[in-house]
Amino acid sequence: NSFVTRTNTCGELRSAHVGQKVTLYGWVQYQRQGLFLVLRDFQGLTQVIIPQDEAHSHVKELLSNAPVESVVRVTGTVSPRPLGQENPKMPTGEIEVKAETAEILNSCKKLPFEIKDFIKKSEALRMQYRYLDLRSSRLQSNLRLRSHVVMRMREYLCNLHGFVDVETPTLFKRTPGGAREFLVPSREAGKFYSLPQSPQQFKQLLMVGGLDRYFQVARCYRDEGSRPDRQPEFTQIDIEMSFVDQAGIQRLVEGLLQYSWPEERGSIMTPFPSMTYEEALAEYGTDKPDTRFGMKIMDISDVLRGSNIHFVQSALSYPHGSIRAICIPQGVRYLTNKDLESLKESAKSQFNQEIMEIIQRPDGSLKSLLTKFLSEKEKSELTQALNMQEDDVVLLAAGEHKQVCSALGALRLLSADLLEAAGLALRDPTAFHFLWVVDFPLFLPKAENPTELESAHHPFTAPHPSDASLLYSDPTKVRSQHYDLVLNGNEVGGGSIRIHSAEQQRFVLEKVLKEDSEVLSHLIEALEFGAPPHGGIALGLDRLISLIVDAPSIRDVIAFPKSFRGRDLMGNAPDYVTPEELEPYHIQVSWPLEEKEAKKN
């Protein structure tokens with residue numbers, strides 16, 4: 001209550017305050033028949049008794065007629081609630097304030113929706129009236145927890161470990177590779193700035209500049225269009241260190257999260273487990289595994305290798321062919337035939353992967369189109385390999401290793417959703433399973449042209465020391481010194497040890513990626529002036545906080561987020577500008593025909 005004219009907040013009064021005269025400010029949450037109202041502020045609720053005597057008739061009239069969500073000031077005396085009328089669900093439930101004077105500071109007009117967490121509101125309406133949505137206790141709690149976590153992170157990095165908080169520029173130039181960037185016109189004809197998708201180059205240049213340890217709560221921008229649960233502008237905890245290896249970055253981040261973790265969410269254990277990219281793909285079908293539940297992908301190639309099943313033998317004849325499966329516990333009991341068909345259809349439409357199902361009956365026998373092709377010995381080995389129990393359902397896939405694993409990984413998550421919707425507790429919503437994924441490939445074939453390569457992450461990632469020579473002979477086989485941090489199946493951070501040799505950086509850009517190194521000439525030149533070995537990481541703050549508070553969307557932990565389509569529905573941005581405003585930037589808008597007609601009308 002420092003610096004303000006209230007004596008207390010609406011959430012702090014207790015029995016110890018009885019008899020004190022207090023001044024409260026807040027919003028009218030609820031008013032009942034001119035007898036009492038509930039006043040709300042950021043900290044909580046207080047019940048205010050409206051006086052009924054003639055001497056305070058003006059106070060009664062004022063408070064009885066105040067619309068819900070009006071801002072009021074109330075001065076009165078704290079009193080104990082009458083016996084039997086205490087409310088144990090309210091922290092202030094033992095007391096009430098008997099109003100003596102009051103003032104309506106601002107009356108509220110009719111609301112577009114009620115300010116209550118349990119009232120369902122459309123996403124568009126919430127975004128349009130975001131300033132009202134922010135009054136909800138859920139968003140208030142989320143933003144305050146976010147602020148607390150960031151403050152603790154600053155303490156850990158700057159006060160305990162000597163990091164320097166540096167703000168890097170927002171206006172920069174295009175970076176080759178990675179996500180599409182937003183362009184900002186300049187007054188020089190044909191020249192544009194780019195909004196950085198991360199401060200990657202700047203933090204490396206800070207290491208060349210000898211700052212040793214850099215940190216920033218960085219705003220980042222990506223023009224990714226309409227992608228679910230992504231934001232065109234987002235925040236990351238950006239970190240870079242000199243003279244560090246992968247293990248050093250990992251231990252730093254584990255300590256950072258342990259130090260800043262909210263007490264009410266329990267404690268997290270370190271060190272976090274680690275898994276290679278190949279292991280993650282083989283066992284979970286993804287590079288961001290949710291390790292809160294089992295149902296791992298199992299390799300049953302050897303079990304079926306001797307069978308006479310045509311599609312099995314066909315798959316195993318390929319260089320990277322394999323037969324794999326997941327076992328859905330109690331699938332017969334919890335999944336309908338419609339569910340199983342939808343799972344198979346999903347694999348077919350998303351991955352072009354056929355799926356075969358196997359069910360274990362109560363008598364131990366197997367029900368499947370496959371069984372007539374299998375000997376009793378093969379059936380027994382299959383049951384043992386998959387550890388099948390009564391009423392389990394197995395989904396089997398055959399084909400190219402990566403495709404099979406990716407399809408089964410997606411079905412594993414979809415199956416978990418279906419099992420939980422049917423009432424089987426599978427993933428503990430209060431558990432936090434962190435995991436490091438390491439040894440990613442340094443390069444991947446381009447989707448549009450598989451004969452060309454692109455960086456799996458970004459072109460500044462250093463090759464794995466064991467694979468350094470392969471960079472010049474067979475770059476497709478090079479592992480990187482990249483590491484991802486995964487939490488409950490979501491990527492919450494990613495980083496790498498960087499290339500600090502100008503020669504190696506130039507080779508990667510020009511020879512492997514076929515990029516114009518001139519765009520990065522400033523960085524390559526900097527590496528020639530005694531650049532130290534360095535590495536870092538960026539933690540996605542929005543995603544991390546949304547997982548900590550179990551929010552359905554990252555929009556619920558951002559004060560003013562954009563919509564699914566990247567629009568600000570409150571301020572109606574982006575918006576049109578006049579030709580006169582565009583003139584200094586040497587830009588003319590070429591309108592699509594339908595928009596020309598719409599603007600005419």
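Residues numbered from 1 in each chain as written. Predicted model: local features only at pLDDT ≥ 70, side-chain atom pairs only at ≥ 80, totals over all residues. Heavy atoms only, no water.

- Where an unreviewed UniProt entry is consulted, the protein appears under the name SYDM protein, with the organism given as Poecile atricapillus.
- Heading Sequence similarities (unreviewed entry) of the UniProt record for the protein holds this comment: "Belongs to the class-II aminoacyl-tRNA synthetase family. Type 1 subfamily." (UniProt positions renumbered as here; feature names shortened; annotations may be inferred.)

**Remarks on the overall build of the protein**
- In terms of helices and strands, the protein carries 19 helices and 22 strands.
- Along the longest, intermediate and shortest principal axes, the C-alpha atoms of the protein span 95 × 75 × 60 Å.
- Taking all 601 residues of the protein together, the buried fraction comes to 47%.
- When the accessible surface of the protein is totalled, it reaches about 30,700 Å², and 52% of it is carbon and sulfur.
- Between the averaged position of the 68 positive side-chain charges in the protein and that of its 80 negative side-chain charges there is a distance of 4 Å. (Helix = DSSP H or I, 4+ residues; strand = E, 2+ residues; numbered from the N terminus. Buried < 20%, exposed > 50% of the residue type's maximum accessible area, 1.4 Å probe, protein only. Areas by Shrake-Rupley, 256 points an atom, 1.4 Å probe, with all protein chains shown as cover. Lys, Arg positive; Asp, Glu negative; His and termini not counted. Charge placed at Lys NZ, Arg CZ, Asp CG, Glu CD.)

**Describing helix 5 (residues 200-208)**
- In terms of burial, helix 5 is largely enclosed, as seven of its nine residues are buried.
- Turning to helix 5, its buried residues number three or more, namely Gln200, Gln201, Phe202, Lys203, Gln204, Leu206 and Met207.
- Those residues of helix 5 that are buried are in contact with strand 9 (213-221), strand 10 (233-242), helix 16 (521-527) and strand 22 (534-540). (Contact = heavy atoms within 4.5 Å.)

**Comments concerning the pattern of salt bridges**
- One pass over the structure, following the stated rule, counts 41 salt bridges.
- The shortest N-O distance in the salt bridge between Glu155 and Arg152 comes to 3.4 Å. Within this pair, Glu155 and its partner Arg152 are both found in helix 4 (residues 137-160), separated by three residues, close to a single helical turn.
- With a relative accessible area of 24%, Glu155 lands in the partly exposed category.
- Close ionic contact of Glu354 with Lys348 constitutes a salt bridge, the shortest N to O distance being 3.1 Å.
- What emerges from the salt-bridge pattern is a single network uniting Glu123, Arg126, Arg130, Asp133, Arg138, Arg555 and Asp556. (Salt bridge = Lys/Arg side-chain N within 4 Å of Asp/Glu carboxyl O.)

**Re the packing of helix 4 against helix 17 (residues 541-548)**
- Contact geometry of helix 4 with helix 17 gives a least axis separation of 10 Å together with a crossing angle of 120 degrees. Comparing the axis directions of helix 4 and helix 17 gives the class oblique. For the pair helix 4 and helix 17, the crossing hand works out as right-handed. In this structure, helix 4 contributes Asn142, Leu145, Arg146, Val149, Val150 and Met153 to the contact, and helix 17 contributes Leu541, Asp542, Leu544, Ile545 and Ile548.
- Here the contact of helix 4 with helix 17 is composed, by residue class, of eight nonpolar, one polar and two charged. (Axes fitted to C-alpha atoms, helices over the stretch in contact; angles between N-to-C directions. Parallel < 35°, antiparallel > 145°, perpendicular 65-115°, else oblique. Left-handed = near helix turned anticlockwise from the far one by under 90°. Nonpolar A, V, L, I, M, F, W, Y, C, P; charged D, E, K, R; others polar.)

**Things to note about the sheet that holds strand 2 (residues 36-41)**
- The strand order 1-2-3-5-4 describes a closed barrel built from five strands, whose pairing is mixed. Each neighbouring strand pair of the sheet contributes to a mean axis angle of 55 degrees, computed without reference to strand direction.
- As judged from the six bridges shared by strand 2 and strand 3 (residues 44-49), these two strands associate in the antiparallel manner. Looking across to strand 3, one finds that Phe36 is bridged to Ile49. (Pairing = 2+ DSSP bridges.)

**Considerations on the sheet that holds strand 12 (residues 298-299)**
- Strand order in the open sheet made by the five strands is 12-13-16-14-15, with antiparallel pairing throughout. Only two strands of the sheet have a single partner each, and these edge strands are strand 12 and strand 15 (366-367).
- As paired elements, strand 13 (residues 321-328) and strand 16 (residues 393-400) share eight bridges and run antiparallel to each other. Counted as the bridge partner of Ile323 is Ala398 from strand 16.

**Some details on the pairing of strand 2**
- A large share of strand 2 lies buried, amounting to six of its six residues.
- From the end of strand 1 (residues 21-32) to the start of strand 2, which pair antiparallel, there are three residues, and Gln33 there has a positive phi angle of about 50 degrees.
- In this antiparallel pair of consecutive strands, strand 2 and strand 3, the connection spans two residues.

**Section: the environment of Tyr131**
- Among the structural elements, Tyr131 can be located in helix 3 (residues 130-133).
- When the C-alpha atoms of Tyr131 and Phe560 are compared, they prove to be 8.6 Å apart, with 429 residues separating the residues in sequence.

**Regarding the pairing of strand 16**
- By the criterion of burial, strand 16 is predominantly enclosed, with seven of the eight residues buried.
- The pairing of strand 14 (residues 356-360) with strand 16 spans four bridges and is classified as antiparallel. In the sheet register, Ile359 faces strand 16, and the bridge partner there is Val393.

**Some thoughts on empty space enclosed by the protein**
- By the definition in use, this model includes one cavity of 30 Å³ or more.
- As a volume, the largest cavity reaches approximately 50 Å³.
- Around the largest cavity, the lining residues are Met127, Arg130, Phe560, Pro561, Ser563, Arg567, Asp568, Leu569 and Met570. (1 Å grid on protein atoms, 1.4 Å probe; cavity = no way out; pocket = protein on both sides within 12 Å on 5 of 7 lines; lining within 4 Å. Points joined across faces, edges and corners; volume = space filled by probe spheres on them.)

**Details of the packing of helix 4 against helix 6 (residues 246-260)**
- One way to put it is that helix 4 packs onto helix 6 with a least axis distance of 8 Å and a crossing angle of 130 degrees. Here helix 4 lies oblique to helix 6, going by the angle between them. In this structure, helix 4 meets helix 6 at a crossing whose hand is right-handed. Between helix 4, through Val149, Arg152, Met153, Glu155, Tyr156, Leu157 and Leu160, and helix 6, the contact on the second element is made entirely by Leu252, Gly255, Leu256, Leu257, Tyr259 and Ser260.
- Considering only residue class, the contact of helix 4 with helix 6 consists of nine nonpolar, two polar and two charged.

**Thoughts on the nonpolar core**
- Leu257, Phe434 and Leu485 are the most contacted members of the largest nonpolar core, which totals 50 residues.
- It is helix 4 that contributes the most residues to this core, six residues altogether.
- Setting aside its immediate chain neighbours within four residues, Leu485 contacts Val253, Leu257, Phe272, Phe434, Leu435, Trp436, Asn490, Glu491, Val492, Gly493 and Leu539.
- Counting 23 residues, the second largest nonpolar core, distinct from the first, contains Ile297, Ile359, Val404 and Leu424. (Core = buried A, V, L, I, M, F, W, Y, C linked by side-chain atoms within 4.5 Å.)

**Some thoughts on the domain arrangement of the protein**
- Entries for the protein in the domain assignment read domain 1 (15-106), domain 2 (139-275 + 433-556) and domain 3 (293-422).
- For domain 1 versus domain 3, the distance between C-alpha centres works out to 63 Å. (Domains from an automatic or database assignment.)

**Digging into the packing of aromatic side chains**
- What the rule picks out here adds up to eleven aromatic pairs.
- For the ring pair Tyr30 and Phe36, a centre distance of 6.2 Å and an interplane angle of 55 degrees mean the geometry is tilted.
- The exposure class assigned to Tyr30 is partly exposed, which follows from its relative accessible area of 39%.
- Judged by centre distance (4.5 Å) and plane angle (10 degrees), the rings of Phe272 and Phe434 are stacked. Of this pair, Phe272 sits in the loop between helix 6 and strand 11 (274-276) while Phe434 sits in strand 17 (residues 434-438), and the two are 162 residues apart along the sequence. An identical accessibility class is assigned to Phe272 and Phe434; each is buried.
- An aromatic cluster is present here, built from Trp261, Phe272, Phe432 and Phe434 joined pairwise through their rings.
- The ring of Phe293 has Arg427 sitting right over it, with the charged end atom 5.6 Å from the ring centre. (Phe/Tyr/Trp six-rings, centres within 6.5 Å; stacked < 30°, edge-to-face > 60°. Lys NZ or Arg CZ within 6 Å of the ring centre and 35° of its normal.)

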